[in-house]
Amino acid sequence: MLEPLAIVRAVHFAACLAALGTPAFMLLAGSLDTLERPLRRFTAAALAVAVVSGAVWFTLVAARILAVPVREALGDGGLITVATDTRFGRMAVLRLVFAVLGFGAVLTPRWRWPAAAAAAMLTGAIAWTGHAGAGTGPVGSLHLASDVLHLISAGLWLGALPAFALMLLWSRGDPARAKLAAGVTRRFSLLAVGCVLALLISGVVNSAVLVGWPTGLLASSYGRALALKVALFAMMLVLAAFNRYRLTPCLPARDALGALAATTFAETALGLGILLLVGLLGTLAPASHLHKPTAAINPDAAFVHIHTEVVMADLTIAPGTPGTSAAIMRLWHEDYTPFIAERVKLALDPTFSGAAAIQHEAVQSADGSWVIERMRIQSPGVWTARVIIDHDGTSTALDAPLVITQCSNDCR
Ligand code: HEM
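Remember, predicted model here, so these are calculated numbers, not experimental data. (Residues numbered from 1 in each chain as written. Predicted model: local features only at pLDDT ≥ 70, side-chain atom pairs only at ≥ 80, totals over all residues. Heavy atoms only, no water.)

A. Region of the structure containing the overall build of the protein. Secondary structure assignment for the protein yields 11 helices and 9 strands. When its C-alpha atoms are laid out on the principal axes, the protein stretches across 80 × 45 × 40 Å. Sequence-distant contacts in the protein: of pairs separated by 6 or more residues, those separated by 24 or more amount to 68%. Here the protein displays about 19100 Å² of accessible surface, and carbon together with sulfur accounts for 67% of that area. Taking the 29 positively charged and 24 negatively charged side chains of the protein as two groups, their mean positions are separated by 15 Å. (Helix = DSSP H or I, 4+ residues; strand = E, 2+ residues; numbered from the N terminus. Contact = heavy atoms within 4.5 Å. Areas by Shrake-Rupley, 256 points an atom, 1.4 Å probe, with all protein chains shown as cover. Lys, Arg positive; Asp, Glu negative; His and termini not counted. Charge placed at Lys NZ, Arg CZ, Asp CG, Glu CD.)

B. Quick look at a nonpolar patch on the surface. On the surface, M1, I7, V11, V49 and L276 cluster together into a nonpolar patch covering about 490 Å² of accessible area. Relative to the helices and strands, M1 resides in the segment before α1 (4-29). (Patch = residues over 30% accessible without salt bridge, like charges linked within 9 Å, V, L, I, M, F, W, Y side chains within 5 Å. Salt bridge = Lys/Arg side-chain N within 4 Å of Asp/Glu carboxyl O.)

C. Spatial organisation of the coordination of the iron atom of the ligand. In this structure, H150 (NE2) and K229 (NZ) serve as the protein donors to the iron atom of the ligand, at separations of 1.7 to 2.0 Å. Geometry at the iron atom of the ligand is octahedral, judged from its 6 donor atoms and the angles of 83 to 178 degrees they form at the metal. Of this pair, H150 sits in helix α7 (residues 137-157) while K229 sits in helix α10 (residues 221-247), and the two are 79 residues apart along the sequence. Residue H150 shares its accessibility class with K229, and that shared class is buried. (Donors = N, O, S within 2.8 Å, 3.2 Å for Na, K, Ca; no water. Tetrahedral: all angles 85-135°; square planar, octahedral: opposite > 155°, others 65-115°. Buried < 20%, exposed > 50% of the residue type's maximum accessible area, 1.4 Å probe, protein only.)

D. The site of the ligand, seen in detail. Taken together, 24 residues lie near the ligand, and H131, D147, H150, Y222 and K229 sit nearest. A distance of 2.4 Å is found between an oxygen atom of the ligand and a side-chain nitrogen or oxygen belonging to D147. Interatomic distance of 2.5 Å between a side-chain N/O atom of Y222 and an oxygen atom of the ligand. Mapped onto the shell around the ligand, the elements with two or more residues apiece are α7, α9 (175-211), α10 and α11 (254-281). The residue inventory of the shell around the ligand, partitioned by class, reads 17 nonpolar, 5 polar and 2 charged. (Near = heavy atom within 4 Å. Polar contact = N/O pair within 3.5 Å; in protein donor to acceptor, adjacent residues only side chain to side chain. Nonpolar A, V, L, I, M, F, W, Y, C, P; charged D, E, K, R; others polar.)

E. View of the environment of I340. Considering the arrangement of structural elements, one finds I340 in the loop between β3 (323-332) and β4 (343-350). On a C-alpha basis, the gap between I340 and I389 in space is 9.5 Å, while along the polypeptide they are 49 residues apart.

F. Seen up close, the nonpolar core. Counting residues in each nonpolar core, the largest one holds 85 residues, and the members touching the most others are F25, L32, W157, F164 and M167. At 12 residues, α1 tops the list of elements feeding residues into this core. The residues contacting L32, other than those within four sequence positions of it, are F25, M26, L39, R112, M167, W170 and L180. One finds V304, A355, A385 and V387 within the second-largest nonpolar core, a separate group that totals 31 residues. (Core = buried A, V, L, I, M, F, W, Y, C linked by side-chain atoms within 4.5 Å.)

G. Local environment of the sheet that holds strand β6 (residues 363-364). Read across the open sheet, the 5 strands follow the order β1-β2-β3-β7-β6; overall the sheet is antiparallel. Each edge of the open sheet carries a strand with a single partner, namely β1 (302-307) and β6. Bridge count for β1 against strand β2 (residues 312-318) is 6 bridges, and the pairing is antiparallel. Among the inter-strand pairings, H307 is bridged to a residue of β2, identified as M312. (Pairing = 2+ DSSP bridges.)

The following block contains the structure:
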């Protein structure tokens, strides 16, 4: 059974892609007279669904970050903390601004370009909220750029399919409209070929970063979901090829218009299946990141696994509440061999006001882990933990949000 977060993400992606694809398709189509208003309304509706599903997505993730039930996150101002103090939160606020700009554009006479531009930013910025946003270094930047291309091309193709199918139905029975639809179909088909190529290339780049070698594809639930996604994509390509080489040459014949509308709706349904899988993928640990915990995690501790291509670290702060705590850091290469460091420091930066940043140098213990016996953490909240590792004459900093929870009883 898909969890609510996966479904909400899928609805959000579908709405963003449609909010981009519809005005973009109309720019390609030119004048569509009586279809103009329904498609403008469809774009506004897609933006509305994007905002509502985005708010639900944000709330579910905020509750996870704060490690509290949704009701509590809604109640005690936790959402504000996450919105202002985490990258995910700040990106969600920025994307809300893009959605509002999109709404504003839809209300203006010449709405297509500004609406498409606002929706492109709303959709492209999704890349910073997912796995691509957590990458670092040149590979991280490549992954981010590839994911933006992936999202925009998904919007210009899959996101435009509903408008395309509606145009085909609208054009049946009217020779002038049918002739116009035939011309638009040929133009859209060219755009679709470009988008499919971009999706394939960026999809392979995303997969290479997040799955690693294809042999590991079916070894993890992430890999299996991705394999199913690629299978649905292949089915979409078969339909698209049928549309392009069998049906399009028969346009503007009435039957061909009807058949093309039907196969386009089928393509859209497959595309929604793909988005459900993408909704799921974003909630799973990528296959290349699957690690069993290096030691049993103390339930009273704050724990975070930080991962880069260079080194990964398991950081445990116990107890994970304000007061005096100890920190243990275990460093690993990607293949789990111990990572040799010359020096390790831990910095904790409060992402809220009223607490001071702290930094401590760690001491290496006999089992190879790096330990800080005593450090004083002033307040609960979201802190940015930075593990600074000196090695091979250089230094690597790993950072991630870490939640220091409220004490259940008197702080020490
Ligand atoms: C109609 C075709 C496709 C659509 C609509 C589509 C859509 C998407 C969307 C919306 C995302 C989410 C991006 C994010 O959260 O940052 C995504 C991610 C991804 N896509 Fe696709 N995609 C398509 C085809 C493909 C193909 C053919 C591949 C592989 C060759 C692929 C591989 C991936 C991977 C690996 C991710 C990253 C998922 C993650 O963040 O964990 N996609 N796709």
